[in-house]
Amino acid sequence: MEALFYYIVKISSVLLLFFSCYQLFLRKETLFQFNRFFLLSGLILSALFPLLYITITINAPIFDLTNTNVAIPSLSETSTVNAFTPYSFLITLYLIGAFILFIKLFRQGLDLKRVLNTGERVKLPATVHIKTKATIQPFSFFKSIVYNPSLHSEKELEAIVAHEEVHAAQLHSLDIILMEVFIILQWFNPIVWLYRIAVKQNLEFLADTENHQIKTNKKAYQYILLQKTNHHDQSTKITQIKSI
């Protein structure tokens, strides 16, 4: 229990270091591809660094105790150990929170699977468009792009789909899934929630900068984003694990 407790604390420390560096040096930069690599590296390395141990060998002199009168305690003596410790209490509380978030993520995955399986599928060379009748915002999940054609004009769909195609082509869903796993593992850590916001914002910026529809008509796309902001729908629990 104690070893697991310190491992979780070490993950939090490394994650804090990466997030602080991002906020201080990279957040205002437009190197979105590098920012993505940096943020993903922070997640992976924060999980791996605490597993590294440096072993130092010390040569100690050997003393002959055969001729001494020092009493050596018997190894057969039993000692009572208190099973309930502060570490066990904290770990139990941590596991309960992680389990609740895991169940929540699992249910969101089922909702996502239902949307992906019930829509009209249109296979394209690089992606699969899924046209749904559900009242949800357009989103992508790996190579699938989901949207409701009746909620948007043809011009709006061109810009939105072009935006989501960038997410699909660059597999931004991997970032989101990895981030959601860290949310479960570090739910008690406020830094991990801010880290998730940074990851999603950077992916949005990355998709915008490589979206040819935005480059040709920025004002139209800004209007679309304003409509999306003002349009509250029922897709919140589904879009938690989408690629953005």
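Going by the structure above, here's the rest.
Within any chain, residue numbers begin from 1 and follow the written order of that chain's sequence. Only residues with pLDDT of at least 70 are given local features in this predicted model, and only at 80 or more are side-chain atom pairs given and counted; all residues enter the totals for whole chains, interfaces and linings. Calculated side-chain values reflect all of the structure's heavy atoms, with hydrogen atoms and water omitted.

The next thing to look at is the sheet that holds strand β3 (residues 139–141). Note on pairing: DSSP must find at least two bridges between two strands before they are called paired. Helix and strand labels come from DSSP, where a helix needs a run of H or I of at least four residues and a strand needs a run of E of at least two; each type is numbered from the N terminus. Reading across the sheet, the four strands line up as β1-β2-β4-β3 and stay open at both edges, with mixed pairing between neighbours. Looking at which strands have only one partner, the edges of the open sheet turn out to be β1 (120–123) and β3. Averaged over all pairs of adjacent strands, the angle between their axes in this sheet comes to 25°, without regard to strand direction. When β1 meets strand β2 (residues 128–131), the two strands line up antiparallel, connected through four bridges. By the bridge assignment for β2, glutamate 120 is matched with lysine 131. The convention used is that axes are lines fitted to C-alpha atoms, helices contributing only their stretch in contact, and that angles between N-to-C directions extend from 0 to 180 degrees.

Within the fold, alanine 47 resides in helix α2 (residues 32–48). Sequence separation of alanine 47 and tyrosine 7 is 40 residues, and the distance between their C-alpha atoms is 8.7 Å. Contacts were defined at the residue level, with two residues in contact if any of their heavy atoms lie within 4.5 Å. With residues up to four places along the chain from it excluded, the contact list for alanine 47 reads Tyr7, Ile11 and Phe182.

Turning our attention to the side chain of serine 41. For serine 41, the position within the fold is in helix α2. When accessible area is computed with a 1.4 Å probe and restricted to protein chains, residues below 20% of their type maximum are described as buried, those above 50% as exposed, and intermediate ones as partly exposed. A relative accessible area of 15% places serine 41 in the buried class. Not counting residues within four places of it along the chain, the set of residues in contact with serine 41 comprises Phe18 and Ser46.

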